[in-house]
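Spelled out from the first residue to the last, the chains are:
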Amino acid sequence: MMIKEISARNYFLRAFILTSALGVLLITACTNPEAVDEKDKFPQYEGTDLGLTFGEEGARIKVWSPQAESVLLKVFEDDHPDSQPFREKELAKSDRGTWEAEIGEELIGKYYSLSAKIDGTQRPEVPGPYAKAVGTNGLRGHILNPAEAVPEGWEDDASPPLGEFSDIVIYELHIRDFSIHPESGMEHKGKYLAFTEKGTTTPGDIATGIDHLREMGVTHVHLLPAFDYLSVDESRLDEPQFNWGYDPQNFNVPEGSYSTNPSDGAVRIREFKAMVKALHDAGICVVMDVVYNHTGKVEGLSFDALVPGYYYRYREDGSLSNASGCGNETASEQPMMRKFMIESLKYWVEEYHIDGFRFDLMAVHDIATMNAIEKELRSIRPDIFIYGEGWTADDSPLPENKRALKKYTYRMPGIAAFSDDIRDGLKGSWSREDSRGFVGNVSLLRESVKFGIVGATEHEWIDYDRVNNSNAPWALEPQQCIGYVSCHDNHTLFDKLTIAHPDASEDDIRKMHILAHAIVLTSQGIPFLHAGAEFMRTKGGEENSYKSPDTVNRLDWSRKAQHADVVTACRDLIALRKAHPAFRLGAAHEIRARLKFLPSDTTVIAYHIDAPESDPWSEVFVAFNGGHADKETKLPEGAWRKAWRGSGSVDDSEEISGSVSVPEKGAIIAFKKR
Ligand code: CA
């Protein structure tokens, strides 16, 4: 999410805000120590049994609510918000600010709420932050064991093996967009279960759904928020509703609107797992987009209801701070918030077999928390892949040097960040519609693209003073850099190019579109594709579609046939990347040793890779021309063969030497056989 993202958009504004934030923080620390002290006095609970736990002796519920005078458990027959409880029970005070109760066998399958009494006031009824099953709209917890809600064959589910992190190719997808188009050929439109449908096609017999994902060769599907969020009313699913889902409600529960029955807590759990299994069976890993940086609202949700004032950051005047740009921000530096995040993430890995996480507005979190998360997750899944947006959407009370910002990625060696450098370098600034990028003949952005090509690592051939959004390398290793040109935020690449180049022909747009993806997919680091970009996805020029109707957001599978050449180009580029370790060098020192930029015209970026032993090619020549005229570019010594010309694969039989003409808005990839 970057609706109001400031990073990389305006240096001066950013510098000003960060400087001001530091100032405010220093003043706060000097003048108002009490606000910090009160939270520090809360006893921290270290056990791992918060929420409902199921053991041999039955179920127990436990909640951390250190300020509470009492905590009331209500049990209901159903999840209707107006129904009355058939049982009420005070939880017993336990250690370290916790409260607990036994849940009798007869209550399994019923719904519950918790309400803390603080300062004489009974606070809102909530399922608690550790709820793992809920009813409609996530208002009440559902008393059931998630481990028993499994689809067929779940016990055999296994994540596809991952060789190296640099092998990853990410595809960012919204669950509803995937299948909701009337001609998607999928039966379970808008649902988790659509992922389980094989052999689906458009009326024109073009493969859709999971078959399409397999065909593209992506290794990781990154799902937009799939935890329970607020904005879609799960009681009215017969009406069309859409939201990206960046408004978290229950972090440990799948979103109900993507299930076939949001009322039964077991259904969404089982169907989510069925989706994961179907992707795993197709050889694809699953990444969740996690939004621990804020909640969809504050009042009435579990954090604030049970421990008011604890889980969020506040300004000096007591108002909620807003680094998320969505009205509040969580406080990852608070031990119980940090613990919550770690336990929640571990739960998704262990219960749902999730293979990676993308942290929304990661810089709202502190670096120590992100490193603790990485360490904990890596201890249970060594191949877990963690990345995030290294920026905030607005100012934060968290000191700048503690924020998990892109420029501090080197302080989080196991975590990757999105490169807005190459993104904006390729297509122009997101914030000005008429802004163009390297693929649109702006040679000034050449250095920013080169910076992306080396995966934001240190490289002697990069002039950092001329990189758009960074003035120094920020990745220690290439796997810490996510290279991309578009994502769910802002215009799709097709729309951006169309708007910024009003005079361009359809063929020009197509060439620029393919060139941008050719650069992303051959760059060092981890390439990332916005779903549908391979068929030039359009949102009809809409910029921020977070709650726009399906007609704007859905994947229009008919475009796959209309733009078959772009689909083929993206698919071939992914295949090329997978076949050639030269494009996915595993270490920064390898890039420094093997990748050299070559002299060229200013509209051209040309480089040479001395390929590693494992590559069937011994040397690789790559040249991208963002200009409007073909450019003769010198080849390194010897005889070469072309693997790619203009915007497509070519037969490798033609031998070339001396120099090569790099087509306008196009690329040449050439090689020497080993
Ligand atoms: Ca929901």
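Residues numbered from 1 in each chain as written. Predicted model: local features only at pLDDT ≥ 70, side-chain atom pairs only at ≥ 80, totals over all residues. Heavy atoms only, no water.

Visitor: Would you mind showing me how to read the coordination of the calcium ion here?
Guide: Any two of four tetrahedral donors ideally make an angle of 109.5 degrees at the metal, while pairs among six octahedral donors ideally make 90 or 180 degrees. Those protein atoms acting as donors to the calcium ion are Asp228 (OD), Tyr229 (O), Glu234 (OE) and Glu255 (OE), and they sit at 2.2 to 2.4 Å. Each donor residue of the calcium ion belongs to the same chain, and together they define the spacing D-Y-x4-E-x20-E. Neither Asp228 nor Glu234 differs from the other in exposure class; each is buried. (Donors = N, O, S within 2.8 Å, 3.2 Å for Na, K, Ca; no water. Buried < 20%, exposed > 50% of the residue type's maximum accessible area, 1.4 Å probe, protein only.)

Visitor: I tried to follow the domain arrangement of the chain on my own but got confused; where do I start?
Guide: Much of the literature gives interface size as the accessible area that the parts lose upon coming together. Domain assignment breaks the chain into domain 1 (40-125), domain 2 (165-582) and domain 3 (595-673). Between domain 2 and domain 3, the C-alpha centre-to-centre distance is 31 Å. Facing 32 residues of domain 2, the contacting portion of domain 3 comprises 31 residues. Taken together, the two surfaces of domain 2 and domain 3 that pack against each other cover about 2600 Å², and 67% of this comes from carbon and sulfur. Taken as a group, Asn441, Arg446 and Ala582 account for 19% of the area that domain 2 buries against domain 3, more than any other trio of residues on that side. Put simply, domain 2 and domain 3 have two salt bridges between them. In this structure, the salt-bridge partner of Lys511 is Glu664, at a minimum N-O distance of 2.7 Å. (Domains from an automatic or database assignment. Contact = heavy atoms within 4.5 Å. Buried area = accessible area lost by both parts, 1.4 Å probe. Salt bridge = Lys/Arg side-chain N within 4 Å of Asp/Glu carboxyl O.)

Visitor: How should I be thinking about the pairing of strand 13 (residues 248-254) in this particular structure?
Guide: Working note: regular strand, side chains alternate between the two faces of the sheet. The element strand 13 is largely enclosed, with a buried count of seven among its seven residues. Alignment of strand 12 (residues 227-229) against strand 13, held across three bridges, turns out to be antiparallel. Of the residues in strand 13, the one forming a bridge with Phe227 is Pro254. (Helix = DSSP H or I, 4+ residues; strand = E, 2+ residues; numbered from the N terminus. Pairing = 2+ DSSP bridges.)

Visitor: Can you help me understand the packing of helix 7 (residues 335-352) against helix 8 (residues 367-380) in this one?
Guide: Relative placement of two packed helices is described by the angle separating their axes and the distance separating the axes. Between helix 7 and helix 8, whose axes approach to 10 Å, the crossing angle comes to 30 degrees. For the element pair helix 7 / helix 8, the angle class is roughly parallel. When the axes of helix 7 and helix 8 are compared, the crossing they make is right-handed. The residues of helix 8 that touch helix 7, namely those facing Arg338, Met341, Ile342, Leu345, Lys346, Val349 and Glu350, are Ala368, Thr369, Ala372, Ile373, Glu376, Leu377 and Ile380. (Axes fitted to C-alpha atoms, helices over the stretch in contact; angles between N-to-C directions. Parallel < 35°, antiparallel > 145°, perpendicular 65-115°, else oblique. Left-handed = near helix turned anticlockwise from the far one by under 90°.)

Visitor: So what exactly am I meant to see when it comes to unusual backbone geometry here?
Guide: Trans is the prevailing form of peptide bonds, just as negative phi is the prevailing case for residues other than glycine. Positive phi outside glycine occurs at Asn137, with the angle close to 60 degrees. The residue Asn137 is located in the loop between strand 8 (121-122) and strand 9 (141-142) in this model. Positive phi, close to 60 degrees, is recorded for Asn490, a residue that is not glycine. With a relative accessible area of 8%, Asn490 lands in the buried category.

Visitor: Quick question: what am I supposed to make of the pairing of strand 21 (residues 604-610) here?
Guide: Counted residue by residue, strand 21 has six buried out of seven residues, so it is predominantly covered. Relative to strand 21, strand 20 (residues 595-598) runs antiparallel, the two being bridged by four bridges. Paired with Leu595 across the two strands is Ile609, which belongs to strand 21. Between strand 20 and strand 21, which pair antiparallel in sequence order, lie five residues. Across seven bridges, the pairing between strand 21 and strand 22 (residues 617-625) is antiparallel. The residue of strand 22 that forms the bridge with Asp610 is Glu619. If you look at the hairpin formed by strand 21 and strand 22, you'll find six residues sitting between the two strands.

Visitor: Quick question: what am I supposed to make of the sheet that holds strand 16 (residues 385-388) here?
Guide: Within a sheet, adjacent strands bond to each other through the backbone by hydrogen bonds, running parallel or antiparallel. Read around the closed barrel, eight strands run 10-11-14-15-16-17-18-19, paired in parallel fashion. The average undirected angle you get between the axes of adjacent strands in this sheet is 30 degrees. Sheet topology note: the strand 10 (residues 170-173)/strand 19 (residues 526-530) ladder contains three bridges and is parallel. Pairing of Tyr171 across the sheet is with Leu529, part of strand 19.

Visitor: Even after reading the chapter, I still don't get the environment of Leu497, so can you show me in this structure?
Guide: Within the secondary structure, Leu497 is located in helix 11 (residues 493-500). Leaving out residues up to four positions away in the same chain, Leu497 has contacts with Val439, Ile509, Met512 and His513.

Visitor: Honestly, the pattern of salt bridges in this entry has me stumped. Any pointers?
Guide: Two side chains that carry opposite charge are able to pair once their charged atoms sit near each other. Within the structure shown, the criterion is met by 50 salt bridges. Note that Arg176 is salt-bridged to Asp550, the shortest N-O span being 2.7 Å. Residue Arg176 is found in helix 3 (residues 175-179), and its partner Asp550 is found in helix 13 (residues 550-553); the two are separated by 374 residues along the sequence. Accessibility assignment for this pair places Arg176 and Asp550 in one class, buried.

Visitor: How should helix 4 (residues 209-216) be read in this particular structure?
Guide: Because an α-helix completes one turn every 3.6 residues, residues spaced three or four positions apart along the sequence face the same direction. For helix 4, the full list of buried residues reads Gly209, Ile210, His212, Leu213 and Met216. Buried residues of helix 4, seen end-on, are gathered within an arc of 155 degrees and therefore sit on one face of the element. Buried residues belonging to helix 4 abut strand 10, helix 3, strand 11 (220-223), helix 5 (265-281), helix 14 (558-562) and helix 15 (564-579). Of the residues one or two after helix 4, Gly217 is the one with positive phi, at around 85 degrees. (Arc of directions from axis to C-beta.)

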